[in-house]
Amino acid sequence: MKIAVFSAQPYDEEYFNRYNKYGYSLTFFKDRLCDKTAKLALQHDAICVFTNDDLGSEVIKTLAGGKIKIIALRCAGFNNIDLQTTKDLNIAVVRVPTYSPEAVAEHTIALLLTLNRKLHQAHNRVKENNFSLDGLMGYNLHKKTIGVIGTGSIGLAFCRIMKGFGCSLLAFDPQPNKDAEALGVRYVPLDELVVSSDIISLHCPLLPNTHHLVNEAFLEKAKQDVVLINTSRGKLVDTQAAITYLKKGKIKALAIDVYEKEEAIFFKDLSGTGIQDDQFKQLSALPNVLISAHQAFFTHEAMYEIVNTTYQNLKCFEENLILENTV
Ligand code: NAI
């Protein structure tokens, strides 16, 4: 099978080559898949794509004009694909539903602790021989109320860790999770979670009804000094509203691993050119905003699972077996 791998980073090449147990022929393209690059895939049987590849209707139609019969997402989320068009054109879509919920949950905690204890600022100070603590005071997580929006595999893994910190856990999810309830997580309506939580962490998918879930109305209801963490999808948060409420001093701190317009920025080295996105510049200039560039998934264990499951998905397709991870 000939596979075109889009948005390929050096670590993708390394892992896909290292674990290529079925001997597939791989072509790596650094570029993201979009209308301009879709033609690169035409001589291949399958494409392998990531979160910021564009799988809108036009791109899928171009792929269907070639030999592409299957799209293998090497991620869990599938908000970037027009599933009606893939269905109409009989192109299979598979994904990696869970590769390491702990990788994302642990990164969420890393962001929360770094932000709260101002470790990013402390590190820079010590490097410059400034050992003053002025302005570095944090707060205990112990006994704080954490609101978790979405308690699937990542939300649950996050709840387990926060339970260990001695936090009270509130959750909102249209499908409550029995394992979370057994842990002592209390499901409440979204409004109650928003008004009662000291820290709110997003772990729900991006869907039409979760787009800009965190908007002005949400932030108006939130507690004074709320801390917000988003390691899920950038478009869950209305960035302009977040900037407004950070400036007003209502949001105490914001940590994001995902950003509304990340497609133009993340996974690229723009240190030589700078960036044009003024909203992003405003966010990254604020001292109480911590940003990582979509790296929550990025552990050895997760990369191994992503590659292994992707190969397994393609093998099942090739051998006409049931596609367990079909979207
Ligand atoms: P999952 O499918 O196991 O859980 C998602 C949960 O969200 C489900 O329990 C679902 O019922 C719930 N949900 C659906 N609509 C909701 C709503 N309107 N309000 C609240 N909850 C709602 O997914 P998983 O694996 O836990 O991943 C969650 C999200 O994390 C993914 O959709 C993806 O966007 C993001 N993600 C981010 C990564 C990163 O590197 N930053 C890596 C992997 C996933």
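Thresholds, definitions, all that
- Residues numbered from 1 in each chain as written.
- Predicted model: local features only at pLDDT ≥ 70, side-chain atom pairs only at ≥ 80, totals over all residues.
- Heavy atoms only, no water.
- Near = heavy atom within 4 Å.
- Polar contact = N/O pair within 3.5 Å; in protein donor to acceptor, adjacent residues only side chain to side chain.
- Areas by Shrake-Rupley, 256 points an atom, 1.4 Å probe, with all protein chains shown as cover.
- Nonpolar A, V, L, I, M, F, W, Y, C, P; charged D, E, K, R; others polar.
- Pairing = 2+ DSSP bridges.
- Helix = DSSP H or I, 4+ residues; strand = E, 2+ residues; numbered from the N terminus.
- Salt bridge = Lys/Arg side-chain N within 4 Å of Asp/Glu carboxyl O.
- Phe/Tyr/Trp six-rings, centres within 6.5 Å; stacked < 30°, edge-to-face > 60°.
- Buried < 20%, exposed > 50% of the residue type's maximum accessible area, 1.4 Å probe, protein only.
- Lys NZ or Arg CZ within 6 Å of the ring centre and 35° of its normal.

Q: Quick question: what am I supposed to make of the site of the ligand here?
A: The immediate surroundings of the ligand are formed by 24 residues, with S153, I154, D173, T231 and D257 found nearest. In this structure, T231 approaches the ligand through a main-chain N or O atom, which is 2.9 Å from a nitrogen atom. Between D257 and the ligand, the recorded distance is 3.0 Å, taken from a side-chain N or O atom to a nitrogen atom. Against a free-state accessible area of 870 Å², the protein chains account for coverage of 85% of the ligand. Split into classes, the residues belonging to the shell around the ligand amount to eleven nonpolar, ten polar and three charged.

Q: Would you mind going over the sheet that holds strand β10 (residues 226-230) with me for this structure?
A: Two pairing modes exist for strands in a sheet, parallel and antiparallel, and in both the strands are linked by backbone hydrogen bonds. Overall, parallel pairing links the seven strands, which are arranged β8-β7-β6-β9-β10-β11-β12 in an open sheet. The two strands at the open ends of the sheet, each matched to only one other strand, are β8 (186-187) and β12 (289-291). As defined by bridge partners, strand β6 (residues 145-149) adjoins strand β7 (residues 168-172) across five bridges and the pair is classed as parallel. From the neighbouring strand, I149 faces β7, where its bridge partner is F172.

Q: Explanation requested: the pattern of salt bridges in the structure shown.
A: Opposite charge on two side chains allows them to pair when their charged atoms are near. With the rule as written, the count across this model stands at twelve salt bridges. Salt-bridge contacts for D278 lead to K281; the nearest nitrogen and oxygen are separated by 3.9 Å. Remark: K281 and D278 occur in helix α11 (residues 278-285); sequence separation between them is three residues, near one turn of the helix.

Q: Would you explain the packing of aromatic side chains in this entry?
A: Here the distance between the centres and the angle between the planes together describe a pair of aromatic rings. Across all of its chains, the model carries twelve aromatic pairs by this definition. Plain terms: the ring middles of Y22 and Y24 are 5.8 Å apart, the flat faces sit at 50° to each other, and that makes the pair tilted. Exposure remark for Y22: the relative accessible area of 27% places this residue in the partly exposed category. Centre to centre, the rings of F297 and F298 are 5.5 Å apart; their planes meet at 50°, and the pair counts as tilted. Over the aromatic face of Y15 sits the side chain of R18, whose NZ or CZ is 4.8 Å from the ring centroid. Sitting over the ring of Y245, K248 keeps its end group 4.1 Å from the ring centre.

Function cannot be inferred from these measures alone, as they are strictly geometric.
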